[in-house]
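The residues making up each chain are set out below.
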Amino acid sequence: MILSIVMMVKDEEKNIKRTLNSLRAISNVISTELIVLDTGSEDNTVKIARDFTEHVYFSKWNQDFGDMRNKSISYANGDWILILDADEELVDGTELIDFFKSNRYKKYKSGYIMLRNLTSNEDMSKYTPSKVLRLFKNDKDFKYINTIHEQPLYKEPIYEKPLGEFNHYGYLFDDEELKQKKMKRNEELLLKEFKKNQRDPYVNYQLGKNYFILGEIIEARKYLESSLKLYKKINLKPDYVYENLAHIYCLNGDYEKCIKLCEEYIKDVHQNNIDIYYFLGKAKQGLRKNEESKKSYEKYIYLIDNYEITRQSESIYCEGATLGLKKDAYIEIIRLCHNLERYEEVISNYDKFNENGEETSKVNYFLINALYKTDNLEKIKEYYERCQTQSDKDMFIIDIENLILTIIEDDKRKIYEAAKEFHGNYGKLNEIRLGREKNINVFKKVLKEEKHSYYGDIVYECIKNSGDITELLKDIDEIYIQEYINYIVNYKKDVVMSLYDYLIDRPITLNLKNLKIYRTISKSLLFNGGISKDKYKNVFYAYKTYTYFSLKNLYNPNLNDNELIEMIMDSDHRFVLKLNIIENIKQNNKLQYIKSLKELLLEYPNHKKGIQILIDSFHKEIGTGEKVQELKIQYKSIIEKSINSGRIDNASKLIEEYEKIYYDEPDILNMKFVIGVLNDDLTEGESILKKSLFLDINNFNTMFNIGYLKEICGEFEEALMFYKKIRKECTEEE
């Protein structure tokens, strides 16, 4: 028998059948036997193995990988031994078969296989290759050493060409708990070895590597640095220590140390290590040495494309962790060219990247800016149409919009001109921006079909042209309305005051479609509008009023505010409900009112300015003293009697005098409205009642007067909503 395939396994039912099936490509052609040593499986591993071979053996696990590996070898009868793990699937056995068929095996004592260390469950083309010694002449001297990360005591000569390619699934940890369990097991075994000989550089390395996999970077660095020092004392400089340590330095941001380490390796070990040049590029990029970083990445790509001259192609001691990162290197080169303001190089490198069929979303912004900087915007549509999926096209447009936010207005128009040629709604948006499309129905259609915030420019154009925002947005979902308004308030400052005026001038309503628009406008102005204190106060009152009415309409009307809070998760909505509960105790418990406002301030610091307005107003009110409060009550009683007795002019004069001394109050505002009704003058009726409602959204006199105003203005549906609200919520006492 020429070949014994030897495996040591435990609980490998997920992998072993795939591996054993793949080995039939060898056993069908050359004389082989399959040896499986099980070290304590509790799943179906043994049952599966017995479907493929009668040579299944058992040995209790003794915490010593080297010893267990030697036990598995002891059952082998072949002239040669191939060592495999259960998660290594044969992909190509042509070279191995030819090695034995051609009798070349007679000239050698050992051989490599090539492992494809898979890094993605979805894409088998993503892997890092590694050459490992796994094929050995079966003589009495061959064995493994080391308790963990066992190493073969092999003999030369070694056949240099890989004898088979295998997919290695061992780094695809679907189960994080299993990964942690395996790594912690390894840690325990390695620490035992470390206690025996703390100056063993290989044990130090393996400890560092294990901690690296666990994500414990500080511990990993300590042991890897120790390993390198110990290796240097015996005049060795293993590739794998340099590679892992350079990687850790990059992750830690220790760029100077990484550069020093990589340059030492290039000088003293080898000039063509793929990983070293990648990490050198990363480190120099981290220090903003853009030109040097670019050259390192370019050397990295050159080595990837000319693998046969690299250290990885000739040494089993290289890991090749960055072999699958060519795409990332191209991305960084494009980024660096952009930082260096070499815009022509950005475009040429992007074209190379795109020719290879790579997904370009991470570098589209650099391309678009390069086209803008080099006056090549007419090509923007061509690049857009190269995008392979709608998702890619959407990302391309987002990057156009990100650039638009950074440039002057005149240059924005240049981009609008180029982008108006795009098919679909984005092209239409740019027609609107250029003022060439003004049809409100087109505006509505585009907004109904699109969701991105930059379509807020349609709303912006509507505001600029004194259009009706409510009519434009009434059928749009609230979440997108908020996106559009936020966009305008953040990036179109020239219409913020117009938006404020629009909000303040809107008629009072309980219509849910209108409420959602007013609520979103007031919220954006509150948090991003940058408006003055007096205007902020008006917006804050509008926000709490429109939000409260919306919530009462949206949810079960039979629920009170405390019950509603239990159902609602949105922080701002909870704030408005809590604020209303607090407002309701103001008249009966002033001490608790102010205490509750201050507690609310701590809970919702983002509403600090609004809450402070209420606190200041309350202090102003109680600062007048009890006698003044009594006088105010008497004064309002006199005004009310004057109105009831028909002395309207006298009542008007009294209100005028009252307002000179005191601030606005719902009682006074309602009496002003009644006077207007009696005088057949409703010119200011809407604004008077809105001010009253904003001051006290639970004032039913105000609500009744609003209902009456709506009724006499012919807005019967709105009037009915207010009357129903009063009937439902108002008690006889109120």
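Residues numbered from 1 in each chain as written. Predicted model: local features only at pLDDT ≥ 70, side-chain atom pairs only at ≥ 80, totals over all residues. Heavy atoms only, no water.

Another point: the pairing of strand β7 (residues 127-137). Taken across its 11 residues, β7 has 8 buried, putting it largely inside the fold. Where strand β6 (residues 110-118) lies against β7, 9 bridges are found, and the strand directions are antiparallel. Of the residues in β7, the one forming a bridge with Met114 is Lys131. (Buried < 20%, exposed > 50% of the residue type's maximum accessible area, 1.4 Å probe, protein only. Helix = DSSP H or I, 4+ residues; strand = E, 2+ residues; numbered from the N terminus. Pairing = 2+ DSSP bridges.)

Let us look at the environment of Arg727. Mapping Arg727 onto the fold places it in helix α37 (residues 716-729). In this structure the C-alpha to C-alpha distance between Arg727 and Val269, which are 458 residues apart in sequence, comes to 89 Å.

On to the nonpolar core. Phe396, Tyr426, Val459, Leu473 and Leu525 are the most contacted members of the largest nonpolar core, which totals 166 residues. When residues no more than four places from it in sequence are discounted, the contact partners of Leu525 are Val489, Val496, Leu499, Tyr500, Leu503, Gly530, Ile531 and Val539. Formed by 32 residues, the second largest nonpolar core is a distinct cluster that contains Ala49, Phe100, Tyr159 and Leu163. (Core = buried A, V, L, I, M, F, W, Y, C linked by side-chain atoms within 4.5 Å. Contact = heavy atoms within 4.5 Å.)

Within the fold, Asn562 resides in helix α28 (residues 561-567). When its relative accessible area of 47% is taken as the criterion, Asn562 is described as partly exposed. The spacing of Asn562 and Ile581 is 19 residues in sequence and 7.8 Å in space, taken between C-alpha atoms.

On to a nonpolar patch on the surface. A surface patch of nonpolar side chains, amounting to about 330 Å² of accessible area, comprises Leu682, Phe704, Tyr708 and Ile712. Relative to the helices and strands, Phe704 resides in helix α36 (residues 700-712). (Patch = residues over 30% accessible without salt bridge, like charges linked within 9 Å, V, L, I, M, F, W, Y side chains within 5 Å. Areas by Shrake-Rupley, 256 points an atom, 1.4 Å probe, with all protein chains shown as cover. Salt bridge = Lys/Arg side-chain N within 4 Å of Asp/Glu carboxyl O.)

Another point: helix α15 (residues 343-355). Taking 1.5 Å per residue as the helical rise, α15 with its 13 residues ought to reach 18 Å, and the 18 Å between its terminal C-alpha atoms agrees with that figure. Among all positions of α15, only Tyr343, Val346, Ile347, Asn349, Tyr350, Phe353 and Asn354 are buried. Those residues of α15 hidden inside the fold are in contact with α14 (326-339), α16 (364-373), α17 (380-386) and α18 (390-404). Phi turns positive, to about 75 degrees, at Gly357, one or two residues after α15. (Expected span 1.5 Å × (residues − 1).)

The next point concerns the side chain of Ser315. In this fold, Ser315 is placed in the loop between α13 (311-314) and α14. Reaching out from Ser315, the side chain makes a polar contact with the side chain of Asp239 at a distance of 3.5 Å. (Polar contact = N/O pair within 3.5 Å; in protein donor to acceptor, adjacent residues only side chain to side chain.)

Turning our eyes to something else, we now look at the packing of α16 against α18. As a packed pair, α16 and α18 sit with axes 9 Å apart at the nearest point and diverge in direction by 50 degrees. Relative to α18, α16 is oriented oblique. Relative to α18, the crossing made by α16 is right-handed. Contacts between α16 and α18 involve Asn364, Tyr365, Leu367, Ile368, Asn369 and Tyr372 from the first element and Phe396, Asp399, Ile400, Asn402 and Leu403 from the second. Split into classes, the residues belonging to the contact of α16 with α18 amount to 7 nonpolar, 3 polar and 1 charged. (Axes fitted to C-alpha atoms, helices over the stretch in contact; angles between N-to-C directions. Parallel < 35°, antiparallel > 145°, perpendicular 65-115°, else oblique. Left-handed = near helix turned anticlockwise from the far one by under 90°. Nonpolar A, V, L, I, M, F, W, Y, C, P; charged D, E, K, R; others polar.)

Limitation: the analysis is restricted to geometry and does not speak to function.
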